[in-house]
Amino acid sequence: MNVPFLDLRAHHAPIRQAISAAVDEVIDSNSFSGGPYVQRFEEAFAKYCGTDHAVGVGNGTDALWLTLLALGIGPGDEVITTPNTFIATAEAISLCGAKPVFIDIDETTHTMDPALIEGAVSPATKAVIPVHLYGQPADMDPIVSVARRHGLFVIEDACQAHGAEYQGRPAGSLGDVACFSFYPSKNLGAMGEGGAVVTADPNLADRLRLLRDHGQSRKYCHEVVGCNARMDGFQGAILNVKLSRLDECNEARRTVAESYRNLMGDLPGIILPLEAPGRRHVYHLYVVRVQDREGFMAHLARENIGCSIHYPVPIHLQKAYAGMGLGPGSFPKSEAVASEVVSLPMFPEMTSEQTEAVAGVVKTWLDGR
Ligand SMILES: *Cc1c(COP(=O)(O)O)cnc(C)c1O
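Before going into details, it helps to say that this report is about the structure given with it.

Criteria and thresholds
Residues numbered from 1 in each chain as written. Predicted model: local features only at pLDDT ≥ 70, side-chain atom pairs only at ≥ 80, totals over all residues. Heavy atoms only, no water. Helix = DSSP H or I, 4+ residues; strand = E, 2+ residues; numbered from the N terminus. Near = heavy atom within 4 Å. Polar contact = N/O pair within 3.5 Å; in protein donor to acceptor, adjacent residues only side chain to side chain. Areas by Shrake-Rupley, 256 points an atom, 1.4 Å probe, with all protein chains shown as cover. 1 Å grid on protein atoms, 1.4 Å probe; cavity = no way out; pocket = protein on both sides within 12 Å on 5 of 7 lines; lining within 4 Å. Sits in = over half its atoms within 2 Å of the grid points. Nonpolar A, V, L, I, M, F, W, Y, C, P; charged D, E, K, R; others polar.

All right, on to unusual backbone geometry then. Along the chain, His310 connects to Tyr311 via a cis peptide bond; the corresponding omega equals 5°. Assignment of secondary structure puts Tyr311 in the loop between helix H11 (293-302) and helix H12 (332-338). If you check the backbone angles, His214 has positive phi at about 55° while not being a glycine.

Listed below in structure tokens is the structure:
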């Protein structure tokens, strides 16, 4: 059986008419950049995240970068994050002129190890960016408590965690401010690029609104140097349609994860993702660990099972960050997982036949070693 890594066509089929209608409305109203559909989405998304303000922007990277700028973080400042994430987390820190300071992860959840924050804090540290990787929130209580002790901002990189929860509270409401991406493959995906910043702080939200729109308070009145990072009107309208199905889709992802656990939980030679107590994982990705990754992936490819690696090279070992002089061995846990992780097919529309097919192919590989 052929099981794709992700099936966006199946995802969009049941809402295609609603989306076409939403797109038509945008065309009829000429609200192509920002406008009422974006505003409606911002209101709905802030509420969804259990917070007061959402600012729609061009993508998740803009969300992170503008958040750092809005917090006044720049040259000479340091921001703590992990090297086990998508490049955009570190990129945003570098783009605003600050320095990323990496700390290692907790190997069971692949998220920031809160016990390592204290040792990375310097007089230049301004913020910490925990990443809710693969859809599971980082361990936020200890992270926020160390940050408070040192007067650091907590910025959630929630780009993979729309609808995730920590101790019953939604991702987006767990720090001072949170950044989301609506890249098409994310749990809440646009049909193009999109992102948002959510926060309970009205002044920060106002500042973000200025920055995303050339620093304009009114037309041609520029208070600060900003940029163009407005959300596209089509994306706002489409996200309104898709947000109404997010909970249902996340629930379906959790059901797929549960089936995977039932089918593969007892197999030796593979480590399945762990949902830490008190956290609601929304499985943006279903990431397992195996030792002979190349052999494993070749076997999946032969059997027409889609798979991918998130992420093969930790950020400190990327050429773009070679200037930091952090060689292999700097972050052993991040490096260990990077060499063993494989993402298996995961999308809300996966059928039980598809999950069983994936598990069956995994099992034959493990049996054959
Ligand atoms: C997707 C993603 C981003 C960046 O979002 P874009 O919309 O692609 O710019 C940032 N951080 C993480 C962890 C992501 O997964």
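What follows picks up the thread again.
Another point: the site of the ligand. Near the ligand, the surroundings consist of 14 residues, among which Gly60, Thr61, Gln160, Ser181 and Lys186 are the closest. Within the side chain of Asp157, one N or O atom sits 2.9 Å away from a nitrogen atom of the ligand. Lys186 is positioned with one of its side-chain polar atoms (N or O) 2.9 Å from an oxygen atom of the ligand. In the complex, 93% of the free accessible area of the ligand, which totals 380 Å², lies under the protein chains. Most atoms of the ligand, that is more than half of them, are within 2 Å of grid points of the largest pocket. At the level of elements, helix H4 (60-70) and helix H5 (88-95) are the ones that each hand at least two residues to the shell around the ligand. Counting residues per element, the shell around the ligand draws most heavily on H4, at three residues. Tallied by class, residues from the shell around the ligand come to five nonpolar, seven polar and two charged.

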